[in-house]
Amino acid sequence: MPSHVSADRSAAQPPGRGSVDALITQTRRLKGDMDAVRQDTQGDAADPQGRWQRALYDLALHQLNDLDAHLAQLRDGPPPVPAAEPGSAAPTLSRRAALLSRVGSAEWNLLTDDAVWSEELYRILGRDLTAPPLTLDELPSLVLEEDRPKLTAMVTDCLVDARPIDGEFRVVRPGGEVRTVHMMGEPVLDGEGATASMWAVLRDVSELRRSQRAVRESRESLQQQRHRAQTEHRLAVELQEAVLPPWRDSLRLASQGPRSLDIAAHYVPAATTSLIGGDWYDALELSDGQTLLGVGDLTGHGPAVASNTAMLLGALRGMAMAGTEPAQLMSWLNQLLDATDQPALGSAVCCRYRPDTRTLMWAQAGHPAPLLFRDGTGRRLTSPEGVLLGATSRAAYGQAEATLEEGDLLVLHTDGLAPAARLLDLAPRLDGTRTAHDCVRLIVEECGGTARVDDACVLVARVTR
């Protein structure tokens, strides 16, 4: 290939061979390390973050492979250009040009209209090596129609205004395959400063652009997933806050007179996930003077579960206000969950407290039994029959009764809080608290640690004067 040194500047001196060899060694070592890490981190193809990571590794390896090839050519120097064989218009360039895969070179002489292409450029463009190289006027015939104006503008700026070429366009190979080519070049000036020829290096960047596109698409997919997750989380939180009573302090049902209940409750989120679960609690003073107490848990996380929780609590309150007793209430809740468009499973315990007799009537559906604390000791109430809500359409639920005394402490909780035995061990300390709110705070401090894998609810009711 003829020299492309401009008349107004001298050629740069090549770097020392030893320093380039050291760079090649470092590059190849880094390639090996990168490939090993990539193989060790193969994950789920359906995970947007996993796709994004793999795309980045592939892109990095493409870049390192190209850097290795560029350094090899820099070390060995430009390939010589032997004279063309008699009767052949195509130049035969050295095989050393193949060191730079996907990189070719060309020079177009404006005075003679001759062109010289490297073998690799023939391969990039899918041209027969025996065919003559295309002139600048013929080159656009290989370019995708919508990219031809871009190529024409780059060549015109180079030849007329002596501007360097640096741009990309797409070419169509003989079989119809479209490849992306990056072209860099400069005008070569004669002794009078006029443009005598133009040289260029053309690089097939199709795989590089594919890797970059994969990284971009994976990143966008990951961002969309995160945005969707944030939106769903915000919606779930808003639904939950609308459903669960925001009891910051104890709720005293004073209308019940001297035998009222002091009530407090708390929702404890999981430490290992930001998703909102289906744990709920509720307390409601009913029209007949009795009090509804309940906690429960629906399987799953996110807005759908929060929506089902809102539906369940609305039905629970409506049936309780109508005077439905706990066992029948559980049966109807079970039918409700079984009949929803998106069937769900759930556990629950529901109680009705009669202040005039201090009687607690309760039923449960696959849920931990209430804990009763009295005089510094605690025990689990004996559970009546009851399976998970939504498990079967014709489930039967039993009902139990317990008589409470002044000062008794009733603890309802979901199973994500702590084992019942651990809660019962808190009996002496709970006995020393003054209010239901103090009890809830003690329980949360002891059982609501940072290593929680599930969310939970706790409701405390103390029988007061």
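Preceding this section is the structure that the text describes.
Values in this document were obtained by computation on a predicted structure and should not be read as measured data.

## Concerning the overall build of the chain
1) Next: Summing up its helical and strand segments, the chain has 10 helices and 16 strands in all.
2) Next: Residues counted as buried form 46% of the 465 residues belonging to the chain.
3) Next: Contacts in the chain between residues far apart in sequence, at least 24 positions, make up 64% of those at least 6 positions apart.

## What to know about the pairing of strand β12 (residues 371–374)
1) Next: Here β12 pairs with strand β13 (residues 377–380) via 4 bridges, running antiparallel. Considered in β13, the bridge of R374 is made with T377.
2) Next: Linking β12 to β13, which pair antiparallel, is a turn of 2 residues; within it D375 sits at a positive phi near 55°.
3) Next: For β12 and strand β15 (residues 409–413), the ladder comprises 3 bridges, and the chain directions are antiparallel. When the sheet's bridge partners are listed, F373 is paired in β15 with L409.

## Notes on the packing of helix α6 (residues 303–321) against helix α7 (residues 326–339)
1) Next: Across the interface, α6 lies against α7 with an axial gap of 10 Å and an inter-helix angle of 150°. Considering the relative orientation of α6 and α7, their crossing is right-handed. Only L329, W332, L333, L336 and L337 of α7 make contact with α6, whose side of the interface consists of M311, L312, A315, L316, M319 and A320.
2) Next: Looking at side-chain class alone, the contact of α6 with α7 contains 11 nonpolar, no polar and no charged residues.

## A short note on the sheet that holds strand β1 (residues 103–109)
1) Next: In spatial order, the strands read β2-β1-β5-β4-β3; together these 5 strands make up an open sheet with antiparallel pairing. The two strands at the open ends of the sheet, each matched to only one other strand, are β2 (115–117) and β3 (165–172). The mean inter-strand angle of the sheet, taken between neighbouring strand axes irrespective of direction, is 25°.
2) Next: Bridge count for strand β4 (residues 178–189) against strand β5 (residues 195–204) is 9 bridges, and the pairing is antiparallel. Opposite V181, over in β5, you have D204 as the bridge partner.
3) Next: Against the sheet, helix α4 (residues 148–161) contacts β3, β4 and β5, and its axis sits at roughly 145° relative to β3.

## Focus: empty space enclosed by the protein
1) Next: For the structure shown, the criterion picks out 2 cavities of 30 Å³ or more.
2) Next: Estimated volume of the second largest cavity: approximately 30 Å³.
3) Next: Around the second largest cavity, the lining residues are L125, L139, L142, V143, F169, V171 and L202.

## Quick notes on the pairing of β15
Looking down a regular strand, the side chains alternate between one sheet face and the other.
1) Next: Of all 5 residues making up β15, 5 are buried, and the element is well covered by its neighbours.
2) Next: Side chains L409, V411 and H413 project from β15 onto one buried face, and the interleaved L410 and L412 project onto a second face that is buried too.
3) Next: The pairing of β15 with strand β16 (residues 456–463) spans 5 bridges and is classified as antiparallel. Looking at the pairing, L410 lines up with A461 of β16.

## Digging into the nonpolar core
1) Next: L293, L360, W362, L410 and L459 are the most contacted members of the largest nonpolar core, which totals 26 residues.
2) Next: Membership of the second largest hydrophobic core comes to 25 residues, among which are L151, C158, F169 and M198.

## Let's talk about the environment of T195
1) Next: Structurally, T195 is set in strand β5.
2) Next: A C-alpha to C-alpha distance of 9.0 Å links T195 and C158, two positions 37 residues apart in sequence.
3) Next: Among all residues touching T195, those that are not within four sequence positions of it are L110, L159, P187, V188 and L189.

## A short note on the packing of aromatic side chains
1) Next: Using the criterion set out here, one finds 1 aromatic pair in the structure.
2) Next: Seen from their ring centres, W117 and Y122 are 5.2 Å apart, and the 65° between their planes marks the pair as edge-to-face. In terms of burial, W117 and Y122 fall into one category: buried.

Each value, and the rule that gives it
- Residues numbered from 1 in each chain as written.
- Predicted model: local features only at pLDDT ≥ 70, side-chain atom pairs only at ≥ 80, totals over all residues.
- Heavy atoms only, no water.
- Helix = DSSP H or I, 4+ residues; strand = E, 2+ residues; numbered from the N terminus.
- Buried < 20%, exposed > 50% of the residue type's maximum accessible area, 1.4 Å probe, protein only.
- Contact = heavy atoms within 4.5 Å.
- Pairing = 2+ DSSP bridges.
- Axes fitted to C-alpha atoms, helices over the stretch in contact; angles between N-to-C directions.
- Left-handed = near helix turned anticlockwise from the far one by under 90°.
- Nonpolar A, V, L, I, M, F, W, Y, C, P; charged D, E, K, R; others polar.
- 1 Å grid on protein atoms, 1.4 Å probe; cavity = no way out; pocket = protein on both sides within 12 Å on 5 of 7 lines; lining within 4 Å.
- Points joined across faces, edges and corners; volume = space filled by probe spheres on them.
- Core = buried A, V, L, I, M, F, W, Y, C linked by side-chain atoms within 4.5 Å.
- Phe/Tyr/Trp six-rings, centres within 6.5 Å; stacked < 30°, edge-to-face > 60°.

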